[in-house]
Amino acid sequence: MEKVYDMTIIGAGPGGLAAGIYGSRSKLSTLVIEKGKVGGQAATTEEMENYPGFFGKTTGPELTAKMEEHAKLFGTEFVKDQVENIIDEGFAKRIKTKNGDEYLTKTIVISTGAEPRVLGVKGEGALRGKGVSYCATCDADFFEDLDVVVVGNGDSAIEEALFLTKFAAKVTVIVIHDEGVLDATPVIAERAFKNPKIEFVWNSVLEEIKGDGIVEGVSVKNLKTKEISELEANGVFIYVGTVPKTDFLKDVIKLDDRGYIITNEMMETSKDGIYAVGDVRQKFLRQVVTAAADGAIAATSAEKYIAEEEMFKEEVLEADKPVVVYFWSPGNEESLDLMAELEKEIDTDKYKLVKIDTYRNMRISRRYEISEIPSLIIFKDGNPSLTLKDNVTKEKVSESLSKF
Ligand SMILES: Cc1cc2nc3c(=O)[nH]c(=O)nc-3n(C[C@H](O)[C@H](O)[C@H](O)COP(=O)(O)OP(=O)(O)OC[C@H]3O[C@@H](n4cnc5c(N)ncnc54)[C@H](O)[C@@H]3O)c2cc1C
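Residues numbered from 1 in each chain as written. Predicted model: local features only at pLDDT ≥ 70, side-chain atom pairs only at ≥ 80, totals over all residues. Heavy atoms only, no water.

Participant: Looking at this structure, how should I read the site of the ligand?
Facilitator: Close contacts around the ligand come from 34 residues, with Glu34, Gln41, Glu47, Asn50 and Asp279 the closest. Measuring from an oxygen atom of the ligand, one finds a side-chain N or O atom of Glu34 at 2.6 Å. Between the ligand and Gln41 there is a distance of 2.8 Å, counted from an oxygen atom to a side-chain nitrogen or oxygen. Bound to the protein, the ligand loses 93% of the 1000 Å² it would expose on its own. Of all the secondary structure elements, the ones that give two or more residues to the shell around the ligand are helix H1 (14-25), strand E2 (30-34), helix H4 (155-164) and helix H6 (288-317). Residue classes in the shell around the ligand are distributed as 11 nonpolar, 13 polar and 10 charged. (Near = heavy atom within 4 Å. Polar contact = N/O pair within 3.5 Å; in protein donor to acceptor, adjacent residues only side chain to side chain. Areas by Shrake-Rupley, 256 points an atom, 1.4 Å probe, with all protein chains shown as cover. Helix = DSSP H or I, 4+ residues; strand = E, 2+ residues; numbered from the N terminus. Nonpolar A, V, L, I, M, F, W, Y, C, P; charged D, E, K, R; others polar.)

Structure follows, in structure tokens:
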């Protein structure tokens, strides 16, 4: 019989790895499918100074290697492959990969992250990998004692400019804002201002990357004077934001206008049993610590979902007699009173009583559109056959049950 994983995580960045740790620690059979290197974007940066507790003591590759080790310790399995499609088969979901493999799983955590946005300027595509790069950590050492240009001024751009100064002779940062204004956080900006190898070109944008088979220079346009100036450079590093890796999800779950996955605070997406974490979801702060936090939440939500669904399937959908599913809430006195009456009244030889706490089992309540407490649905042969919503009384329940 085909193995069904409890949780399958797509992408092994910090979000996916944290989900793996929490999932496998809760005894969920957990699989991570990663198309590249474990660690994601975080593994491409040496400068990892803001992960709580690790100041000055770790790098991106080191931190994510520890996360991988941690997840494996609890039993998370890893497979190297690229997920291309998800088919919702109800409680079980089928994942199809580039290598032609298929995995069945009860829940999915999407943690595919984001990739660098391309600028779209002349020369960028042709010279990509020939001096044009989106990852200083990966490529900086090719530029030992050479001149490089960095485009962008957020945390990633400035951190990477600082990293490049360890190799390059000069790092010129092209900034769209007025002199002295960077989007990077002040502590990072201050470090860059003090670095003698870094120069800034203010109020400017990159117009063109020039070179015959290899980067030789760039044209830069001043937005105030409209003047175009030429700069000699051997490398161009571009950090102008990211785009989420969600192409394969367009027909599966709800995305926002920019392609980011929409989730609630439990990391639930628009589809039951599918969660999204980290940079790939619509969120305020894209960092390692928030990706890891998302992963922990998603795995915990997934565990709860599996328990809820399996209980409901066994107790209600597969029951061999009619089931009275009673929706109650601990804070609703009327529902508590009626529950006590039903417990006495219902003939358990003929019927089964299943109590759903609407606070703890919100998803099931939502699925059957239960908004009033108390409410009740009578299931027969796995199907909701009769619903009582308004002024539910013991008498109304007895009368309804007599029809089954
Ligand atoms: C240069 C740079 C420096 C940074 N510096 C810091 C820093 O100092 N501190 C900090 O907190 N954050 C930093 N960040 C941000 C941080 O790295 C991200 O917020 C974090 O890695 C997001 O984690 P994630 O798990 O959401 O996704 P990612 O780390 O992006 O991981 C996603 C993974 O999914 C895989 N994947 C994608 N699609 C598929 C598919 N279809 N099938 C299988 N696998 C797939 C990818 O290969 C990738 O490994 C930096 C980012 C960059 C780029």
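Participant: So what exactly am I meant to see when it comes to the UniProt feature "domain: FAD/NAD(P)-binding" (unreviewed entry) in the chain here?
Facilitator: UniProt's feature table lists "domain: FAD/NAD(P)-binding" (unreviewed entry) at residues 5-295, given in the numbering used throughout. The distance from the first to the last C-alpha atom of residues 5-295 is 17 Å, and the span holds 20% helix and 29% strand. (UniProt positions renumbered as here; feature names shortened; annotations may be inferred.)

Participant: What's the story with helix H2 (residues 60-73) in this structure? I'm lost.
Facilitator: For an α-helix the count is 3.6 residues per turn, leaving residues at separations of three or four pointing the same way. Relative to the 20 Å expected for 14 residues at 1.5 Å per residue, H2 spans 20 Å between its end C-alpha atoms, a close match to the ideal helical length. When H2 is considered as a whole, its buried residues turn out to be Gly60, Leu63, Thr64, Met67, Glu68 and Ala71. Looking straight down H2, one finds that the buried residues subtend no more than 140° of arc, so they occupy a single side. Among the exposed residues of H2, those oriented more than 90 degrees off its buried face are Lys66, Glu69 and Leu73. Phi turns positive, to about 110°, at Gly75, one or two residues after H2. (Expected span 1.5 Å × (residues − 1). Buried < 20%, exposed > 50% of the residue type's maximum accessible area, 1.4 Å probe, protein only. Arc of directions from axis to C-beta.)

Participant: Would you mind showing me how to read the nonpolar core here?
Facilitator: Looking at soluble globular proteins, one finds that nonpolar side chains tend to be buried together. Residues Val150, Ile158, Val171, Val173 and Phe200 are the most contacted members of the largest nonpolar core, which totals 26 residues. Mapped onto this core, the elements with two or more residues apiece are strand E9 (147-151), H4, strand E10 (170-174), helix H5 (186-194) and strand E11 (198-201). In this structure, Ile158 is in contact with Gly152, Asn153, Val173, Leu182, Ala184, Ile188, Ala192 and Phe200, ignoring residues within four places of it in sequence. Grouped together as the second largest cluster of nonpolar side chains are 24 residues, Met7, Ala18, Leu63 and Met67 included. (Core = buried A, V, L, I, M, F, W, Y, C linked by side-chain atoms within 4.5 Å. Contact = heavy atoms within 4.5 Å.)

Participant: Any chance you could explain the pattern of salt bridges here in plain terms?
Facilitator: Where side chains of opposite charge bring their charged atoms close, a pairing between them can arise. Taken as a whole and judged by the stated rule, the model has 27 salt bridges. The residue Glu343 makes a salt bridge to Lys355 at a minimum N-O spacing of 2.8 Å. With a gap of 12 residues between them, Glu343 in helix H7 (residues 333-345) and Lys355 in strand E19 (residues 352-357) connect regions that are remote in the sequence. Judged by its relative accessible area of 43%, Glu343 is partly exposed. Note on Lys355: relative accessible area 38%, which makes it partly exposed. Put simply, Glu268, Asp272, Glu309, Arg363, Arg366 and Arg367 are held in one network by salt bridges that share partners. (Salt bridge = Lys/Arg side-chain N within 4 Å of Asp/Glu carboxyl O.)

Participant: Looking at this structure, how should I read the pairing of strand E18 (residues 323-328)?
Facilitator: Remark: a regular strand shows side chains that alternate across the two faces of the sheet. In terms of burial, E18 is a largely internal element, 6 of the 6 residues being buried. Because side chains alternate across E18, one face comprises the buried residues Val323, Val325 and Phe327, and the other comprises Val324, Tyr326 and Trp328, equally buried. At this point the chain moves from E18, through H7, to the parallel E19, and the crossover so formed is right-handed. Here E18 runs beside strand E20 (residues 375-380); their pairing, made up of 5 bridges, is antiparallel. Paired with Val323 across the two strands is Phe379, which belongs to E20. (Right-handed = clockwise from strand over helix to strand, strands pointing away. Pairing = 2+ DSSP bridges.)

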